[in-house]
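# Coordinate inspection notes
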Amino acid sequence: MLQSKTFVKKTKAGRVQKVVREHYLRDDISCGAASCSTCGAVEHPLSADAGAILVVDTNVVLHQIDLLENPAIDDVVLLSVVLDEVKNKNLAVFNRIKALCSNKARRFFVFTNEHHRDTYVKEMVGESPNDRNDRAIRVATRWYQSHLGENVKVLLITNDRDNKRKAIEEGINAETVESYVRSLAQPGLLDLVVVSTSGDVTMEDVEDLRPSKKKVIYSEHKPMSEITAGLRCGIYHQGKLRVNRYNPFEAYVGSESIGDEIVIHGRSNMNRAFDGDIVAVELLPQDQWHESKSFIADDDEDEEEDVHLAPNSADDAPRKANPTQSTVASSADSVSSRPVGRVVGIIKRNWNSYCGSLEPMPMPAGSGGVAHALFVSKDRRIPKVRIQTRQLSNLLDKRIIVAVDSWDVLSRYPSGHYVRTIGDIGDKDTETEVVLIENDINTRPFSTQVLACLPPLPWTLSPEDLANPNRQDLRHVRVFSVDPPGCRDIDDALHCTPLPNGNFEVGVHIADVTNFVHPGTPLDEEAAQRGTSVYLVGQRIDMLPKPLTEDVCSLRADVERLAFSVIWEMTPHADIISTRYTKSVIKSCAAMSYVEAQARMDDSRLVDPLTVDLRNLNKLAKIMRHRRCERGALTLASAEVKFEIDSETHDPLDIGIYQIREANQMIEEFMLAANISVAEKILKHFPLCSLLRRHPSPTKEMLEPLLRTASSVGLNLDVSSSKALAESLDNAKNDDPYFNKLIRILATRCMTQAVYFCSGDLTFSEYYHYGLAASLYTHFTSPIRRYADVIVHRLLAAALDIAKLPPLFQDGPQLTGVADNLNYRHRNAQMASRASVELHTLIYFRTRPTDTEARIVKIKANGFIVFVPKFGIEGPIYLTPKGDKGGDWVVDEVHQRVTKPGTNISYAVLQTVMIHMEVVEPQPHRPKLQLTLI
Amino acid sequence: MEYVNLLTGFRVDGRRPNEMRQLKGEVGVVARADGSALFEMGNTRVIAAVYGPREVQNKGQQVNSKEALVRCEYRMADFSTGDRRRKPKGDRRSTEISLVIRQTMEASILTHLMPRSQIDIFVQVLQADAGTRAACINAATLALADAGIPMRDIVTSCSAGYLCSTPLLDLNYIEDSAGGPDVTVGILAKMDKVTLLQVTKYHELLLIAASFRTPLVLSSIHTNSITTILHTMCSLVKHFSCHLYPEGHCFL
């Protein structure tokens, strides 16, 4: 049977057009029930012994998706009208329900009611589309009931009171979500039910626990029509809200209409917007732009500092200005230059599920009933979330995932519902999973499509590879690799051959990953999406499948491997005479660890060729390093720690600072040189679409804390250029042997991180890499664990006319998108590794209270922040009990010192103190590392 | 956009991938003409009128005096699409389709039986919803049969496309404007011979052919797999022609 759908729509050009579409009605659509004999379908997703077949309406899917995902809910019929509505309203939910429907383990069935002869409903005159869809759902439910007969109960689940009433009038079984779930008698399930705050559901049974607080906290969001009008005439500005990672009361909105970031201070100005929401912002009058910090005090959440890993760069460190600073930095002139605004409406929500735990609270009387609890996300950018639970005692000591549902103007916190439990708080596996979820790291095993792209295993060198004219046979060359101990993914190897003319031929050989990862394949797409391998303590999450990572691409010793080589001729003074690039075949003769290589070089008795090569390389590297430093490269320092892990329990046994040897620096030097050479080559051939890496120069403001600290100990740092800074860092010496390193560590954390970018997006002067003092830089040397390197390999191959440039590179915006994703993944990977180290530090100190030496790095009103060099961590020490701000201690800003008046006890910045480290549990199941002065 | 619902396998208008639109045909709709037909494939509606065989009007056009001259004119009515735009006569597209229809029909008409004569085929699209080319060929066949012009076999035509990794028969307007590759195939139904094969986005079709095989050797795309696709599409079209002219039914 044929039906015509006719509707009128407006074209992009603004003309009104009448559209006619065919709509076929069929009689061969199966009902999907096993008990049905008439349909004769092959597949029966709905089981025969189902207690009831559920038909859900659109709002149930949209709001109760977490409940539907629970295995207790089954035998669900999803009507196509419902799916269409869900798709239009919320794509994320649609994807989840789609996954549910295609999951064979679940009994969900999609019934195409819109194309079924008996369930198609024509819109009646004067009927709204919503009412028509509701009617369609009821008609389909009734059809199911009559089709399946009286033996099977068909139940319409709806929270719409009107719809339910009509359904019952028409003789259909209908229930609300809550009453249905209650009838299942599974108390845990009720937590998943989202309690609707709109008027749809009867509110009698949802008691309001906080009647006294019924006051308006936030201003009402403007209606969408007003926002659109406001955006058009320039009163409002649209942009994505980004909450400061270290100060959740400060957010930025990148606005295109202003061309600058708009700062938003305080929760009330953020007006219920979440990180990542697209919001409409109204600028505040200019005279209010400077009142920056006062809002922080408004909110009553206490900003407690925790012991954490010492930051490696400005991006890791809190951007929060400390309260004492603003008094010194002569009013807030520097702040007032940035526009300040407030959120008036939310254009698109970015609500998600979040990891965290419940705020400790006493069990309410009559436990077993409904309890209201506050959920605290691990991600500090997310406000606390109110949830209802019936299993409070179970959840208190667990890490859980909570989804946000709504945020009312009357409520200080958004409300949400419990989704699932990850595990016990403090448990290593649980916390590791939390770290991975939080940083959006894909830990799923590689799909079969991806694995299908792998070369047949075991892989061996084929004659075709050797016959390839573009591939040079370097198997006779003495190539070797030096890596951290236990490294399985070896992506770089070196060789160094003395030439008859006294020069050296130095080669850097990088695993030829692009020989196996072809553009556009599922494998390539997966790698592009993952962006980088993630290294956690005792665990690695690969970017490429294991056979590639550890075998086919890894340049292991004594096997023939494909490589991409950069080969220089160098004088003994490390001047590069010529550079060439080629694909090659190599056979590494030794895979050494840094320790091993160092030992060989230091052992003067050894004179074998390999050791001589190492020594030659080291000599060259030293010259190159020296030259680089002269150009102004910064020798920065970080306090990376290393764990010794128990092989069985995987608990940390020992912890110590990662030691950097000459051998590390040697390898690093040649990798830098290779990266720079490749960057030059690809930029020359593809000036508009090369993927490069830049390191922006730090601004004056960013270096401010370093300068203040330095001047308080009488040190003058010249920060006018990286060269000047490098020199003054070299001169920063006093009788304290650790002083120089400490200053370097402090300098390092003032810098931002280097980022990938597409060369077409910036001008040449912006390509500069500040830290390395290189005008060009890229990543070429680790294609097994970084996708950026894979892209650069393709660019280099195209530059050498070995391969064609994939179409991606012709699309500037898409390439920029790839670079952005790489930066995001790279950053997340780093955050995850740091979080993992922090976690293991906590586990380590749980059983080992320690006394150690620490250095003061920052003075605060009621104490100071210390840095523990031995363990690379940083944390607060309170001189006065908490809550007592300042007390009887006096802060001397100029000299960065706190003194207790009347005594001669004082603490100054960079001073050494002895501290005691111990894990305490101030609240049950919330272990934290505490530092105290001894 | 999802042109084939992954969960139910239905297309946007409720058809399965291998189903065509509803067909309707009527002959003798233009009384003046020697043969005429109205043909519908879903919302695509075309009318065809045939004049001839008659004496060649312009002797200069006659190439071979031993065979009949076949002429064809294709037009889209101004009102045939949603936006009422004036369509100039003789634009590139119309000229091309006119030529295609002429060549296809010429291949099936027994022109050597009608020397020194000409046959005029006029096809006009009354309502366009994609697949006009195929509909016009079908209408022209019907009109020729109505005019009693001797033919080798019946030409049937249908389009097929490839969207959402599924081959789809008889695209409608939404599917056609999705930008996937598509083919229009015309076959001699009984003789099982292809007389028309037009492919748009040939390179995309090649890529699809490549993705059928695992992309191990991307460079060596085998023409074999393309033929497989085309064959599938042809067989879809054949299926269509059986539908249109059931066994034992002959217009000749």
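From a predicted model like this one, the values you see are computed outputs, not experimental measurements. (Residues numbered from 1 in each chain as written. Chains lettered and ligands numbered in written order. Predicted model: local features only at pLDDT ≥ 70, side-chain atom pairs only at ≥ 80, totals over all residues.)

### Some thoughts on the overall build of chain B
Defined as follows: For helices the rule is a DSSP run of H or I covering at least 4 residues; for strands it is a run of E covering at least 2, with both sets numbered from the N terminus onward. Counts of 20 or more other C-beta atoms within 10 Å of a residue's own C-beta define buried residues, counts of 12 or fewer define exposed ones, and intermediate counts define partly exposed ones; C-beta atoms are placed from the backbone. It is the C-beta atoms, placed from the backbone, that decide contacts: two residues are in contact if theirs lie within 7 Å.
Helices and strands together make up the secondary structure of chain B, namely 5 helices and 9 strands. Relative to its full complement of 252 residues, chain B shows a buried share of 39%. Long-range pairs, those at least 24 residues apart, make up 66% of the contacts in chain B between residues at least 6 apart in sequence.

### Thoughts on the sheet that holds strand β15 (residues 371-377) of chain A
Residue and element names in this part refer to chain A. Selection criterion: The rule for pairing is simple: two strands pair if DSSP sees at least two bridges between them. To get an axis, fit a line to the C-alpha atoms, keeping to the stretch in contact for a helix; angles then go from 0 to 180 degrees between the N-to-C directions.
One closed barrel accounts for 5 strands, arranged β14-β15-β16-β18-β17; its pairing is mixed. The sheet shows a mean angle of 50° between the axes of neighbouring strands, direction not considered. Both strand β17 (residues 398-406) and strand β18 (residues 415-424) contribute to a ladder of 8 bridges, which runs antiparallel. The residue bridging Ile-401 from the neighbouring strand is Arg-420, located in β18.

### Observations concerning the environment of A:Asn163
All names here are of chain A. Of note, Asn-163 is situated in helix α6 (residues 161-169). The exposure class of Asn-163 is buried, given the 22 C-beta atoms found within 10 Å. Apart from the residues within four sequence positions on either side, Asn-163 is in contact with Asp-57, Asp-134 and Thr-158.

### Some details on the pairing of strand β20 (residues 479-483) of chain A
All names here are of chain A. Burial analysis of β20 places 5 of its 5 residues in the buried class, which makes it a mostly covered element. In β20, alternate side chains face the same way, and those of Val-479, Ser-481 and Asp-483 on one face and Phe-480 and Val-482 on the other are all buried. Alignment of β20 against strand β26 (residues 576-593), held across 5 bridges, turns out to be parallel. Bridging across to β26, Val-482 finds its partner in Met-592.

### Some remarks on the interface of chain B and chain A
How big an interface is tends to be reported as the loss of accessible area on association of its parts. To be explicit about the condition: Gly is put with the polar residues, along with every residue not named as nonpolar or charged; the nonpolar set is Ala, Val, Leu, Ile, Met, Phe, Trp, Tyr, Cys and Pro, and the charged set is Asp, Glu, Lys and Arg.
In this assembly, 16 residues from chain B lie in contact with 23 residues from chain A. Within the side of chain B that touches chain A, the residues separate by chemical class into 4 nonpolar, 8 polar and 4 charged.

### Brief notes about the sheet that holds strand β7 (residues 173-175) of chain A
All names here are of chain A. In spatial order, the strands read β5-β4-β3-β6-β7; together these 5 strands make up an open sheet with parallel pairing. Looking at the sheet topology across the chains shown, the edges are occupied by β5 (108-111) and β7. Strand after strand, the sheet turns through a mean of 30° between neighbouring axes, direction not considered. Along the sheet, helix α5 (residues 129-148) makes contact with β3 (52-56), β4 (76-79), β5 and β6 (153-157), crossing β6 at roughly 170°.

### Comments concerning the environment of A:Phe249
Along the chain, the position of A:Phe249 falls in the loop between β8 (236-243) and β9 (250-255). C-beta crowding within 10 Å serves as the criterion here: with 23 such atoms nearby, A:Phe249 is assigned to the buried category.

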